[in-house]
Amino acid sequence: MSKNLKYYYDLMSQPSRALWIFLEKTKLPYEKCLVNLGKGEHLTEEFKAINRFQKVPCITDSQIKLAESVAIFRYLCREYKVPDHWYPADSQRQALVDEYLEWQHHNTRASCAIYFQYVWLRPRMFGTKIDPKQADKYRKKMEGTLDFIENEYLGGGARFIVGDEITVADLVAACEIEQPRMAGYDPCEGRPNLTKWMARVRESTNPFYDQAHKFVNKIAQDAAGKPKL
C-alpha cells in the first residue's frame, strides 16, 4: 500500500469533510495538507501546481494528481483496500451508488450550497445584502431536493441511500445536507426519514463525523437563535 497519498482539504468544504471522514474511518495512510480557503490559499500559484482547478479537495498519490471528490472516492476505493460496503464491487449495487453520485451534483450539492452561499457565505465575505424573495426561491429549490431524498431515497424503511450498509453516497449526501444548518436552516425538521438516516450516518462514522463538523456545529448553534429567512 502506498504511503505517498497527500490530501488537500478545508473542513468548511462539504466534499472535503466527506473525504476526510472516509480516510479517517478506513484508516488509509495519508498526509494531511490543510488549505485555508478563507485566506485564499487555494488561489496561490503554488497550489495551482497541485490542482489546476484551484479548489479543494484534491489528492496527490505517487504519479497522479486528482481533483473532484467523486473521482477521488472512486480512485481510493479501486486502489486501496477498503471495506466493500463503501463502494460495492457488485455491479448493480455500485451502479446505484453511482446513480446518486451523479444525481447529487445538480441536486443535493447545488441546492444546499447555493442556499448556504447566498444566505450566509456571501454576505460575510463580500458584504452582499440578502433579498428575501431570492432567498425564498433558493430555499424552496433546496426543500424540493430534501423532500425527494426523504421520500424516494429514504422512504420505505431504507437504512441508507443504497441498501442496509453505509456507502460513499451517504457520506457525500450527509455532508452537503449539513451545510445549510450554518445559515439557520434545519434540514431534518419535518423529515423523519432524513432525521433517522443522518443519525445512522453519524453513528456509523463517529468520532470522525463529529470532528469534521465541529466548526459547522458551532456556527449552526449560533445561527439557530436568529430569525429564519
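The sections below set out a description of the structure shown in this document. Being a predicted model, the structure only gives us computed values, none of them experimental.

Observations regarding the pairing of strand β3 (residues 58-61)
Neither face of β3 is open: one carries Cys58 and Thr60, the other Ile59 and Asp61, and all of them are buried. Where strand β1 (residues 6-9) lies against β3, three bridges are found, and the strand directions are antiparallel. Bridge pairing in β3 places Tyr8 opposite Cys58. Both β3 and strand β4 (residues 64-67) contribute to a ladder of four bridges, which runs antiparallel. Bridge pairing links Cys58 to Ala67 in β4.

Re the sheet that holds strand β2 (residues 31-34)
In spatial order, the strands read β2-β1-β3-β4; together these four strands make up an open sheet with mixed pairing. Of all the strands in the sheet, the pair left with one neighbour each is β2 and β4. Adjacent strand axes in the sheet meet at a mean angle of 20 degrees when their direction is disregarded. Contacts from helix α1 (residues 14-26) reach β1 and β2, with the element oriented near 150 degrees to β1. Packing against the sheet, helix α3 (residues 69-79) makes contact with β3 and β4, and its axis sits at approximately 130 degrees to β4.

Some words on the side chain of Asp10
Structurally, Asp10 is set in the loop between β1 and α1. No salt bridge is formed by the buried Asp10; the nearest opposite charge belongs to Arg17, separated by 7.5 Å. A polar side-chain atom of Asp10 sits 2.9 Å from the main-chain amide nitrogen of Met12.

Observations concerning the packing of aromatic side chains
As enumerated under the stated definition, the model contains 14 aromatic pairs in all. Relative to Tyr30, the ring of Tyr7 lies with its centre 6.2 Å away and its plane at 70 degrees, an arrangement referred to as edge-to-face. In this pair, Tyr7 sits in strand β1 while Tyr30 sits in the loop between α1 and β2, placing the two residues 23 residues apart along the sequence. An angle of 90 degrees between the planes, with centres 5.5 Å apart, marks the rings of Phe22 and Trp86 as edge-to-face. One end of the pair, Phe22, is in helix α1; the other, Trp86, is in the loop between α3 and α4 (91-103), with 64 residues separating them in the sequence.

Criteria and cut-off values
Residues numbered from 1 in each chain as written. Predicted model: local features only at pLDDT ≥ 70, side-chain atom pairs only at ≥ 80, totals over all residues. Heavy atoms only, no water. Buried < 20%, exposed > 50% of the residue type's maximum accessible area, 1.4 Å probe, protein only. Helix = DSSP H or I, 4+ residues; strand = E, 2+ residues; numbered from the N terminus. Pairing = 2+ DSSP bridges. Axes fitted to C-alpha atoms, helices over the stretch in contact; angles between N-to-C directions. Contact = heavy atoms within 4.5 Å. Lys, Arg positive; Asp, Glu negative; His and termini not counted. Salt bridge = Lys/Arg side-chain N within 4 Å of Asp/Glu carboxyl O. Polar contact = N/O pair within 3.5 Å; in protein donor to acceptor, adjacent residues only side chain to side chain. Phe/Tyr/Trp six-rings, centres within 6.5 Å; stacked < 30°, edge-to-face > 60°.

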